[in-house]
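What follows is the residue order along each chain.
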Amino acid sequence: MARAALFDVDGTLADTNHLHVTAWWEAFRQHGHDVPMTTIHHALGRPSNDLIGHVLGEDRDPDQDAGISAAHKTLYATYFDRLPALPGAGDLLRALHRRGWHNILVTSAGGDELGALRRAIDADDAITDTASADDVSEGKPAPEPVEQARELAGVAPDEAVFVGDSVWDMQAASRAGVAAVALLCGGIPRADLAEAGASEVYTDPADLLARLDDSLFTKIGQG
């Protein structure tokens, strides 16, 4: 039976959410916007333009979007040589790989950023492919990123599990008909993740790994 484990990266496998928040906060500040960090945090997981629109509102000056996004990328790039993996991230991917799962990364990161994230996770031998947000018309919470990742693995919706840390991750998986597992290490409350569609919630990758035999991964694997 073909099976696919679809993984968000930032906040799920890599402990980078607060680095992104800081970079976005400074990017907004440079363009004259005083935005609370908590507002940015809850918008993480959306594509850059969607995040900017979510934070600033539809009545913003859209001509600033490209500059804000570019500033965020430049600021965040200063962390590339020291991005931290979350506890158990690489071990979880390798454990699933040994059990026959295809691990697909679902991320808007590309180029040097994706390379830095993969170095931090240090499990390239257990990663089958990467689904890029650049290859879909809409990012999360739309289902397209999850559907693209599932199609890369060549599996049906009931043969996949999506693991993420944001409300947008859970909504995207639910809309794609894929079971969703949430991790709390991205900083979003358990209740919000469950309401958005998470079937199971774990603390971090290490917690999921420790309870893998009782998780959706084993239930689907035996289906």
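Trainee: What am I meant to see in the packing of helix H1 (residues 17–30) against helix H4 (residues 65–77) here?
Mentor: Between two packed helices, both the angle of their axes relative to each other and the distance between the axes serve to describe the pair. Between H1 and H4, whose axes approach to 8 Å, the crossing angle comes to 135°. Accordingly, the angle class assigned to the pair H1 and H4 is oblique. Note that H1 runs across H4; the crossing there is right-handed. Every residue of H4 that contacts H1 at Leu19, His20, Ala23, Trp24, Glu26, Ala27, Phe28 and Gln30 is listed here: Ile68, Ser69, Ala71, His72, Leu75 and Tyr76. Among the residues making up the contact of H1 with H4, the classes are represented as nine nonpolar, four polar and one charged.

Trainee: How should the pairing of strand S1 (residues 3–8) be read in this particular structure?
Mentor: Regular strands have side chains that alternate between both faces of the sheet. Within S1, six of the six residues are buried, leaving the element largely enclosed by the surrounding structure. Residues Arg3, Ala5 and Phe7 of S1 are buried on one face, and the alternating residues Ala4, Leu6 and Asp8, pointing to the opposite face, are buried as well. Pairing analysis gives six bridges linking S1 to strand S2 (residues 101–107), with the strands arranged parallel. Within the sheet, the bridge partner assigned to Arg3 lies in S2 and is Trp101. Summarising the sheet, S1 and strand S4 (residues 160–164) pair through four bridges and their orientation is parallel. Its bridge partner being in S4, Ala4 is matched across the sheet by Ala160.

Trainee: Hey, could you run me through the sheet that holds strand S5 (residues 179–183) in this one?
Mentor: Two strands in a sheet stick together by hydrogen bonds in their backbones, pointing the same way (parallel) or opposite ways (antiparallel). In space, the six strands of this open sheet follow the order S3-S2-S1-S4-S5-S6, with parallel pairing throughout. Whereas interior strands pair on both sides, the edge strands pair on one side only; in this sheet they are strand S3 (129–132) and strand S6 (200–202). Looking at each pair of strands side by side, their axes are set apart by 25° on average, direction ignored. Sheet analysis places S2 next to S3, joined by four bridges and oriented parallel. Note on S3: the bridge partner recorded for Val106 is Ala131.

Trainee: Sorry if this is basic, but what is going on with the packing of aromatic side chains here?
Mentor: Given two aromatic rings, their pairing is described by the distance between the two centres and the angle made by the two planes. This model, assessed by the stated rule, comprises four aromatic pairs. Residues Tyr76 and Phe80 carry aromatic rings whose centres are separated by 5.7 Å and whose planes lie at 80° to one another, so their mutual orientation is edge-to-face. Residue classification places Tyr76 among the buried residues on the basis of a relative accessible area of 1%. Feature note: the residues Tyr76, Tyr79 and Phe80 constitute an aromatic cluster, connected by ring pairs. Lying across the ring of Trp168, Arg46 places its NZ or CZ 4.5 Å from the centre.

Calculation notes
Residues numbered from 1 in each chain as written. Predicted model: local features only at pLDDT ≥ 70, side-chain atom pairs only at ≥ 80, totals over all residues. Heavy atoms only, no water. Axes fitted to C-alpha atoms, helices over the stretch in contact; angles between N-to-C directions. Helix = DSSP H or I, 4+ residues; strand = E, 2+ residues; numbered from the N terminus. Parallel < 35°, antiparallel > 145°, perpendicular 65-115°, else oblique. Left-handed = near helix turned anticlockwise from the far one by under 90°. Contact = heavy atoms within 4.5 Å. Nonpolar A, V, L, I, M, F, W, Y, C, P; charged D, E, K, R; others polar. Buried < 20%, exposed > 50% of the residue type's maximum accessible area, 1.4 Å probe, protein only. Pairing = 2+ DSSP bridges. Phe/Tyr/Trp six-rings, centres within 6.5 Å; stacked < 30°, edge-to-face > 60°. Lys NZ or Arg CZ within 6 Å of the ring centre and 35° of its normal.

The values reported here are purely geometric and, on their own, carry no functional implication.
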